[in-house]
Amino acid sequence: MGAFDAVVLAGGGARRLGGVDKPGLRVGGRALVDRVLAACAAAETTVVVAAPRAVARAVVWAREEPAGGGPLAALAAGVRAAGGAEGPEALVVLSADLPFLDQAAVHALLGRLAEGEADAVLARDADGRDQPLVGAYRRGPLARALDEIRAEEGDLTGLPLRRLTSRLAKAHLVERPDAPVSFDCDTWGDLAAARARIREHGHVLNEWILAAKEELGIDLDVDIRLLLDLARDAAHGVERPAAPLTTFLVGYAAGRAGGGPEAVAEAARKAAVLAERWAAEVPPEPGAGTG
């Protein structure tokens, strides 16, 4: 089950946050909605159910009618915009306020769905609660269940998601305590905890690189360790300002060579050779012994 579509619900009222634009709140320098969109970047089609806004990648916009009709109505609007019953068998459904969701978690949900016969695989948090907005669904059963509820009720406005999930055969993906992918930011305390967790768990450098690439419009994976080693060698073998200037020149050279990880690696290799040559020419400090 390699191909999948994604529906991201981003139009809630955020009442516990005083009505603030929750998807636009930033954790690790990136908007919550952009973090979720990065996690499902491999989707063939991604539908965001909300009023259109600036986001980090191309998506399809949809809106439930009336706006603010609740999660079930929003999900139905997203499924409809993603093609209804037509399209890849798997459909990932996510809320837009998941700061720790990543591609590995999305692929784990999809993998579990592909392995079994369940209609849906939902994340289960550490307290044993199912999370229907962190899940992978089979498109056919999902679309049929939505149609059945609509036929019974006439309208999906205000209906809870459990009216849907109770009709589906479910499996679960229990999240690890160190990877709370279903953690959402419903309160200001949640937001503060998410920001603190990123800084306290050794993710600052990766988060900074991701945020910088997103802000600069760069879609490029590079070997961070290689560049850090190069910067260190330049700083020690030449002088400290050589580190940032060398990494800038490596990036500039890679861009002129067409970009991509290979171009960065080649430019870094050449700069590293130069740094080694330069260091070899540095005379020993006065008074240093030979043995």
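The rules behind each value
Residues numbered from 1 in each chain as written. Predicted model: local features only at pLDDT ≥ 70, side-chain atom pairs only at ≥ 80, totals over all residues. Heavy atoms only, no water. Buried < 20%, exposed > 50% of the residue type's maximum accessible area, 1.4 Å probe, protein only. Helix = DSSP H or I, 4+ residues; strand = E, 2+ residues; numbered from the N terminus. Pairing = 2+ DSSP bridges. Polar contact = N/O pair within 3.5 Å; in protein donor to acceptor, adjacent residues only side chain to side chain. Contact = heavy atoms within 4.5 Å.

In the nomenclature of an unreviewed UniProt entry, the protein is known as Molybdenum cofactor guanylyltransferase of Streptomyces gougerotii.

Engineer: How should I be thinking about the pairing of strand S4 (residues 46–49) in this particular structure?
Structural biologist: On a regular strand, each side chain points to the face opposite its neighbour's, so the side chains alternate between the two faces of the sheet. On S4, burial covers both faces: Thr46 and Val48 on one face and Val47 and Val49 on the other are all buried. Sheet topology places strand S1 (residues 4–9) next to S4; four bridges connect them, and they run parallel. Within S4, the residue paired with Val7 across the bridge is Val47.

Engineer: Any chance you could explain the side chain of Arg138 here in plain terms?
Structural biologist: As for its position among the elements, Arg138 is in strand S8 (residues 130–138). Polar side-chain contacts of Arg138 include one of 2.5 Å to the backbone oxygen of Leu113. Among the polar contacts made by the side chain of Arg138, one reaches the main-chain carbonyl oxygen of Ala118 at a distance of 2.7 Å.

Engineer: Teacher, can you tell me more about the side chain of Asp125 here?
Structural biologist: Within the fold, Asp125 resides in the loop between strand S7 (120–124) and S8. When its relative accessible area of 8% is taken as the criterion, Asp125 is described as buried. A distance of 2.9 Å separates a polar side-chain atom of Asp125 from the backbone nitrogen of Asp127. In this structure Asp125 touches Gln131, Glu175 and Ser182, once residues within four positions along its chain are discounted.

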